[in-house]
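# Results of the structural survey
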Amino acid sequence: SQYSAVDTNPLSVYIMQPIWNKIIKIVPLWIAPNLLTFAGFVMILVNYFLISFYDWDYTASGTSPGLVPTWVWLFSAFTTFCAYALDSIDGKHARRTQSSTPLGELFDHGLDSWATSIFVLSFFSVCSCDNGKTGVSVYTMYIYLSIVLFNFMCSHWEKYNTGVLFLPWGYDISQVVLIAAYLLTGAVGVEVWQKPFLFGYYITDALVILLIGFSLFLSFPQTLYNIYRAHLKKTLKNDSLYEGLLPLVSPLLLFVLLTVWVVLSPGNILAKQPRLFLWMVGVAFSNVICKVIVCQMSSTRPELFHWFLFPLALVVYAAISGLLGWMEEVVLAVFTALVTAAHVHYGVCVGRQLSEHLNIYIFSLKKRAQE
């Protein structure tokens, strides 16, 4: 299917696109677009693990002065900008080198579906966990992450139904806000997040309110409107309501199961292991959404229940029924490792299959020899 995306965000159209058009000119023509996509993702990962090293339990910024060195925040701003730039020019570069493929589209959106949660998890280190005075509670973090992922899911659910990806306005705005937040933290120190800045509200409160406002009052209604418009124009991909709603079943069940675990965990798992738990949420979500993206690209029907929901349901049941006891954290760690490994394995397999099917290399513009 022909890839089509629509971007109407003024920030993107008038400010960022001209910047990307300048940057793209520096990229040598022999570089494969997927290499740009992957390099951006690796930078996000490196940054995430670096921050995790200094701030495993999201408390480092709760102390004054913060325990994370200044250079780490500046490095975060740099890597976030680079990843944002690479993600914005990979498609342009593919058109420039006439190497646009379904593999590239899947690679880009698949990595984005994972990167989305990693951006958010890195940013949480700026605001720090609630220490009674300032900071954000781990439950707020969980809700925050869920809303961001819900937004991502909506834009791909919309593409599944309309065949067009309307790029969410939130993306460019969030990237610019992230970079600014890291620069601010690097320049002024984490103290800036611990002082009320307006009417007794903290900057983090403002960001949370902005995010929820953007999602519920801008992105989601826009998605529904675009689907409704396609319905009126009779350009919808799916005839029945059942098929149209099918991709939402697994992500929503995933959210329900995870929320049940968070709320009913006897050992209060989210508070004990916020980083592990939220990482697992991001990976699980990414895997579920990748399946939707594959179905949407190949015009196939997604299965009703993603396989991953079954082991998750077992683990959640064992945890909340008290069967796991003190083992809950250990089981979470093992489960997180398995889910991450399964997701990476899935990505590698799909990439391999597509590269063989389309007769191209993933990271090179050289053509494969015909067998």
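Look above for the structure.
Let me begin by describing the structure that accompanies this report. None of these values were measured; they are calculated from a predicted model.

In this section: the packing of aromatic side chains. This model, assessed by the stated rule, comprises 25 aromatic pairs. When the ring of F123 is compared with that of W193, the centres are 6.0 Å apart and the planes differ by 85°; the resulting orientation is edge-to-face. Note that F123 is positioned in helix α4 (residues 102–127) and W193 in the loop between α6 (169–188) and α7 (203–232), a separation of 70 residues in sequence. Residues F123 and W193 agree in their burial class; the two are buried. Chaining the aromatic ring pairs together yields one cluster made of F41, Y48, F49, W114 and W279. Its end group placed over the ring of Y58, R275 keeps NZ or CZ at 4.1 Å from the ring centre. For the cation-ring pair, K291 lies above Y346, with the distance from its terminal atom to the ring centre recorded as 4.9 Å.

With that settled, the discussion passes to the nonpolar core. Of all hydrophobic cores here, the largest spans 100 residues; its most connected members are F123, Y144, L254, W261, F277 and L312. Residues contacting W261, with those up to four places away along its chain left out, are I269, F277, M280, L312, V315, V316, A319, I320, E328 and L332.

Our focus in this paragraph is the layout of surface pockets. The method is simple in principle: a probe with the dimensions of a water molecule rolls over the atoms, and the space it marks as empty is what remains. Taken as a whole, the second largest pocket encloses approximately 460 Å³ of empty space. Lining the second largest pocket are 22 residues; nearest its centre among them are F107, L111, V344, G347 and V348. For the lining of the second largest pocket, the elements supplying multiple residues, two or more each, are α2 (33–54), α4, α10 (274–298) and α12 (328–357). Considering every element that reaches the lining of the second largest pocket, the biggest residue donor is α12, with eight residues. Class assignment of the residues belonging to the lining of the second largest pocket gives a composition of 16 nonpolar, five polar and one charged.

Across all of its chains, the model carries two salt bridges by this definition. Salt-bridge contacts for K159 lead to E105; the nearest nitrogen and oxygen are separated by 2.8 Å. Placement of the pair is K159 in helix α5 (residues 138–162) and E105 in helix α4, with a sequence separation of 54 residues. Judged by relative accessible area, which is 3%, K159 ranks as buried.

Criteria and thresholds
- Residues numbered from 1 in each chain as written.
- Predicted model: local features only at pLDDT ≥ 70, side-chain atom pairs only at ≥ 80, totals over all residues.
- Heavy atoms only, no water.
- Phe/Tyr/Trp six-rings, centres within 6.5 Å; stacked < 30°, edge-to-face > 60°.
- Helix = DSSP H or I, 4+ residues; strand = E, 2+ residues; numbered from the N terminus.
- Buried < 20%, exposed > 50% of the residue type's maximum accessible area, 1.4 Å probe, protein only.
- Lys NZ or Arg CZ within 6 Å of the ring centre and 35° of its normal.
- Core = buried A, V, L, I, M, F, W, Y, C linked by side-chain atoms within 4.5 Å.
- Contact = heavy atoms within 4.5 Å.
- 1 Å grid on protein atoms, 1.4 Å probe; cavity = no way out; pocket = protein on both sides within 12 Å on 5 of 7 lines; lining within 4 Å.
- Points joined across faces, edges and corners; volume = space filled by probe spheres on them.
- Nonpolar A, V, L, I, M, F, W, Y, C, P; charged D, E, K, R; others polar.
- Salt bridge = Lys/Arg side-chain N within 4 Å of Asp/Glu carboxyl O.

Just geometry here; none of it tells us what the structure is for.
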